[in-house]
Amino acid sequence: METTTDTPGASPDFVQSLARGLAVVKVFDAAHPQRSLSDVAKATGLTRATARRFLLTLVELGYVRTDGSRFRLTPRVLELGYSYLSSLTLPDVARPHLEALAASVHESTSVSVLDGDDIVYVARVPVSRIMTVSITLGTRFPAHATSMGRVLLAGLPAEDLDAYLSRADLAGLTGRTIVTVADLRAELDTIRRNGFCIVDQELEEGLRSLAAPVRDASGTVVAAVNISTHAARYTLDTVRADLVPAVVATASAISTDLANTQTH
């Protein structure tokens with residue numbers, strides 16, 4: 001087995017070649033759907049020869065295609081994410097509830113889980129396009145600036161939250177974003193007391209969102225459900241009066257169904 005020689009803190013079982021291969025896959029994104037060999041080597045810190053071997057291996061496996069000079073991912077890469085999603089009961093449990101919620105409030109609804117310092121969308125029912133970026137399954141946003149992220153952070157054990165706050169980059173995505181640890185801690189305390197979160201134009205100007213926690217059979221927060229709307233359609237008062245009860249009820253219903261799947 002190949003183990004790392006240059007990854008600080010890695011365990012003896014760490015397979016460096018696997019980590020490098022995944023790093024090659026991750027350099028392809030919406031901003032860089034195709035890259036040259038030199039691009040990949042530079043983005044990953046690998047030598048051209050090493051990057052070439054990984055790319056050609058991925059080509060042979062069907063995850064990457066090339067015209068000889070440029071490389072891009074193939075749809076087969078989706079199988080990797082689908083393996084994760086298909087192992088979860090959460091998206092299947094959540095979807096009918098999201099559909100009912102979206103039909104009731106006429107706004108887009110989603111469920112996300114926490115992955116490191118980001119939220120990742122695992123279920124979504126879009127109604128209208130209200131953001132400048134397209135949201136699909138697997139879309140990631142920084143947890144600190146999102147309603148679902150804050151609900152998930154508020155549900156973390158104290159030591160995990162402390163670790164997050166010690167390392168997180170609380171970037172100001174708009175002029176309204178909470179960017180200090182003290183302010184974020186105070187907000188998370190409020191979320192725990194209230195059982196929901198409202199974020200007003202902190203991720204993107206004009207976007208208001210609210211979220212509530214989804215719990216498993218043990219009562220642990222495992223996901224968050226949200227409603228997103230344009231600020232012009234709902235004032236903060238109407239968000240609290242009309243949308244908060246709906247999202248809290250939906251989160252509770254998903255939690256109940258999820259707990260039932262885990263105990264049967």
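Numbers given to residues run from 1 along each chain, matching the order in which its sequence is written. This being a predicted model, a pLDDT of at least 70 is required before a residue's local features are given, and a value of 80 or more before pairs of side-chain atoms are given or counted; all residues contribute to the totals for chains, interfaces and linings. To get the side-chain values, take all heavy atoms of the structure and skip hydrogens and water.

Chemist: Provide a residue-level description of the overall build of the protein chain, including the pertinent values.
Modeler: Each helix and strand in the protein chain was counted, giving nine helices and nine strands. With the C-alpha coordinates aligned to their principal axes, the bounding extent of the protein chain is approximately 60 × 45 × 35 Å. Exposed residues in this analysis have more than 50% of their type's maximum accessible area, buried residues have under 20%, and partly exposed residues fall in between, with area computed by a 1.4 Å probe over protein chains only. Looking at the 264 residues of the protein chain, the share that counts as buried comes to 43%. Calculation of accessible area relied on Shrake-Rupley with a 1.4 Å probe; when residues are assessed, cover is drawn exclusively from the protein chains displayed. Counting every atom, the protein chain has about 13,700 Å² of accessible surface; 54% of that belongs to carbon and sulfur. In this tally, Asp and Glu contribute negative charge and Lys and Arg positive charge; neither His nor the terminal groups of the chain are included. Lysine's charge is taken at NZ, arginine's at CZ, aspartate's at CG and glutamate's at CD. Where the 25 positive side-chain charges of the protein chain centre and where its 29 negative ones centre are 7 Å apart. Only DSSP runs of H or I covering at least 4 residues are called helices, and only runs of E covering at least 2 are called strands; the numbering of each starts at the N terminus.

Chemist: Tell me about the packing of helix α2 (residues 37-44) against helix α3 (residues 48-61), and please be specific about residues and values.
Modeler: An axis is simply a line fitted to the C-alpha atoms; with a helix, the fit covers only the stretch in contact. Between two such axes, the angle follows the N-to-C directions and lies from 0 to 180 degrees. Between α2 and α3, the least distance of the axes is 9 Å, while the angle of their chain directions is 110°. Classified by the interaxial angle, the pair formed by α2 and α3 is roughly perpendicular. Contact residues: α2 offers L37, S38, V40 and A41, while α3 offers R48, A51, R52 and L55. Reported orientations rely on four angle classes, namely roughly parallel under 35 degrees, roughly antiparallel over 145, roughly perpendicular from 65 to 115, and oblique for the rest. In what follows, residue pairs with any heavy atoms lying within 4.5 Å of each other are defined as contacts.

Chemist: Help me get a handle on the side chain of S108, residues and values and all.
Modeler: Its place among the elements puts S108 in strand β4 (residues 108-115). Residue classification places S108 among the buried residues on the basis of a relative accessible area of 1%. As used in this structure description, the phrase polar contact means that two N or O atoms lie within 3.5 Å; if the pair is within protein, one of them must be able to donate a hydrogen and the other to accept it, and residues adjacent in sequence are counted only when both atoms belong to side chains. Reaching out from S108, the side chain makes a polar contact with the backbone nitrogen of V127 at a distance of 2.8 Å. If sequence neighbours within four positions are ignored, S108 has contacts with R124, V125, P126, V127, S128, N226, I227 and S228.

Chemist: Describe the environment of T190, and please don't skip the residues or the numbers.
Modeler: Within the element layout of this structure, T190 appears in helix α8 (residues 181-194). With 159 residues separating them in the primary sequence, T190 and A31 have C-alpha atoms 37 Å apart.

Chemist: Please provide a residue-by-residue account of the pattern of salt bridges, values included.
Modeler: Note on definitions: salt bridges are taken to be side-chain nitrogens of Lys or Arg within 4 Å of carboxyl oxygens of Asp or Glu. The full count for this structure, using the stated rule, is 13 salt bridges. Here R140 makes a salt bridge to D118, at a shortest N to O gap of 3.3 Å. With R140 in strand β6 (residues 140-142) and D118 in strand β5 (residues 118-125), this residue pair connects regions lying 22 residues apart in the sequence. Taking the relative accessible area as the measure of exposure, R140 reaches 40% and is therefore partly exposed. The salt bridge partner of R185 is D162, with a shortest N-O separation of 2.5 Å.

Chemist: Account for helix α7 (residues 158-167), with residues named and values stated.
Modeler: Buried within α7 are the following residues: L161, Y164 and L165. Angular distribution of buried residues about the axis of α7 spans 95°; they occupy a single face of the element. Turned more than 90 degrees from where α7 packs its buried face, E159 and S166 sit exposed. Looking at the buried residues of α7, the elements they touch are α6 (147-154) and α8. The directions from the helix axis to the C-beta atoms are what the arc is built from.

Chemist: Which residues make up the sheet that holds strand β3 (residues 70-73), and what are the values?
Modeler: The strand order β1-β3-β2 describes an open sheet built from three strands, whose pairing is antiparallel. Pairing within the sheet leaves two strands with one partner each, and these edge strands are β1 (34-36) and β2 (64-66). Here the strands of the sheet are splayed against their neighbours by 30° on average, with no regard to which way each runs. The criterion for strand pairing is that DSSP finds at least two bridges linking the strands in question. Relative to β3, β1 is paired through three bridges, and the arrangement is antiparallel. Bridged to Q34 within β3 is R72.

Chemist: With reference to specific residues and values, describe the packing of aromatic side chains.
Modeler: Stacked, tilted and edge-to-face are the three classes applied to pairs of Phe, Tyr and Trp rings, where Trp contributes its six-membered ring and a pair requires centres within 6.5 Å; stacked means planes under 30 degrees apart, edge-to-face means over 60, and tilted covers the rest. In this structure the tally under the stated criterion is one aromatic pair. Taken together, a centroid distance of 6.0 Å and an interplanar angle of 80° make the contact between Y121 and F141 edge-to-face. Of this pair, Y121 sits in strand β5 while F141 sits in strand β6, and the two are 20 residues apart along the sequence. When its relative accessible area of 5% is taken as the criterion, Y121 is described as buried.

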